[in-house]
Amino acid sequence: MPPAEPPPSDSATSEAVPSPLNAEVRGCGARMAMLHGFTQNLRCWGRFADLLAEHFRLVLVDAPGHGASGHDDADLPTAARLLGETAGRCCYLGYSMGARICLRLALDRPDLVERLVLISASPGIEDDSAREARRISDERLARDLEQTSLDVFLRRWLANPLFAGLDEETSLFEQRLANRPDGLARSLLACGQGAHPSMWPELGELRCPVLLVAGGRDTKYVRLARRIADALGGRATVAIVPGTSHAPHLQQPEQVAETVVRWIERTS
């Protein structure tokens, strides 16, 4: 299937896009596809998307198993393919799980990815035993999703120290409630970090410019960002956002949006 070309948008008004994954277009300018993290959906960008829509034509996408998208059982390569078919050739911005899917797309279809913005990104778990432990942990999380209410699960999920600094408003808690528990559970099992070999050995194949964003308090992902940049050499830029955790774009949307806009201007 050829990549879908979202219809023209001359304003910031959202419009639905017929595509393999549920998507909406807003804003105007050069096209940028945005893919959220686990338990989120295309409504979960908040002020960050509002700011970017002043500069770009955003294609906001629901990941497989999230929001109004189906394909709950899509594995990482399949999720990447569906994303590419939805947004076509453009700049891709992904957060956490969405960053991993965007990275997979850039490796599989470099012709579609002009630039890559990765927020709180991991190429996967290298150690086999650690990856198996993560798979088992994800299975427990999936069972929890199936056995409790989404409201309770989300409150537990967002209490993770990884999300320190986010309250109910900045975490866009109400928007997350639009997800289906079964969709989230199946997506986690199919697309989680425990389900796939790491992409570390493939990073040298990337040829597009890459911006890596991490929260200053999220020390694990700061280390990952710097290590990814080392693997990419001159093709990567690292931006650390002081005082933020795993979701810097939600805690400091103005700063992160300005960083993205300026980086794209420099690499254009």
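Everything quoted here is computed from the prediction, not taken from an experiment.

Caption draft 1: Looking closely at empty space enclosed by the protein. Scanning the model with the defined rule gives two cavities of 30 Å³ or more in all. Taken together, Leu76, Arg100, Pro123, Gly124, Cys191, Gly192, Gln193, His196, Pro197 and Met199 make up the full set of residues lining the largest cavity. Residues of the lining of the largest cavity, tallied by class, amount to five nonpolar, four polar and one charged. Quantified by volume, the second largest cavity comes out at close to 30 Å³. Taken together, Ala63, Pro64, His66, Ala74, Ala79, Met97, Ile101, Ser187 and Cys191 make up the full set of residues lining the second largest cavity. Those elements that place two or more of their residues in the lining of the second largest cavity are α3 (97–108) and α7 (181–191).

Caption draft 2: Molecular detail of the nonpolar core. Ranked by size, the top nonpolar core spans 92 residues in total, and within it Met32, Phe48, Leu52, Tyr92, Leu93, Leu116 and Val260 carry the most contacts. Not counting the four nearest positions on each side in its chain, valine 260 is found in contact with Met32, Phe48, Leu52, Leu93, Val117 and Leu211.

Caption draft 3: Region of interest: helix α8 (residues 219–232). Taking 1.5 Å per residue, 14 residues should reach 20 Å; α8 reaches 20 Å between its end C-alpha atoms and fits that length. If you check which residues of α8 are buried, you get Tyr221, Val222, Leu224, Ala225, Ile228, Ala229 and Leu232. Around the axis of α8, the buried residues are gathered within 160° of arc, so they sit on the same side. In α8, the exposed positions angled more than 90 degrees off the buried face are occupied by Arg223 and Asp230. Contact partners of the buried residues in α8: β7 (210–215) and β8 (236–241). Positive phi appears at glycine 233, one or two residues downstream of α8, with a value of about 65°.

Caption draft 4: Examining the environment of tryptophan 157 more closely. Locating tryptophan 157 in the fold gives a position in helix α5 (residues 150–158). Residues tryptophan 157 and aspartate 127, spaced 30 residues apart in sequence, show a C-alpha to C-alpha distance of 25 Å. Each residue touching tryptophan 157, except ones within four places of it in the same chain, is listed here: Phe38, Thr39, Leu141, Phe163 and Arg176.

Reading guide: rules and limits
- Residues numbered from 1 in each chain as written.
- Predicted model: local features only at pLDDT ≥ 70, side-chain atom pairs only at ≥ 80, totals over all residues.
- Heavy atoms only, no water.
- 1 Å grid on protein atoms, 1.4 Å probe; cavity = no way out; pocket = protein on both sides within 12 Å on 5 of 7 lines; lining within 4 Å.
- Points joined across faces, edges and corners; volume = space filled by probe spheres on them.
- Nonpolar A, V, L, I, M, F, W, Y, C, P; charged D, E, K, R; others polar.
- Helix = DSSP H or I, 4+ residues; strand = E, 2+ residues; numbered from the N terminus.
- Core = buried A, V, L, I, M, F, W, Y, C linked by side-chain atoms within 4.5 Å.
- Buried < 20%, exposed > 50% of the residue type's maximum accessible area, 1.4 Å probe, protein only.
- Contact = heavy atoms within 4.5 Å.
- Expected span 1.5 Å × (residues − 1).
- Arc of directions from axis to C-beta.

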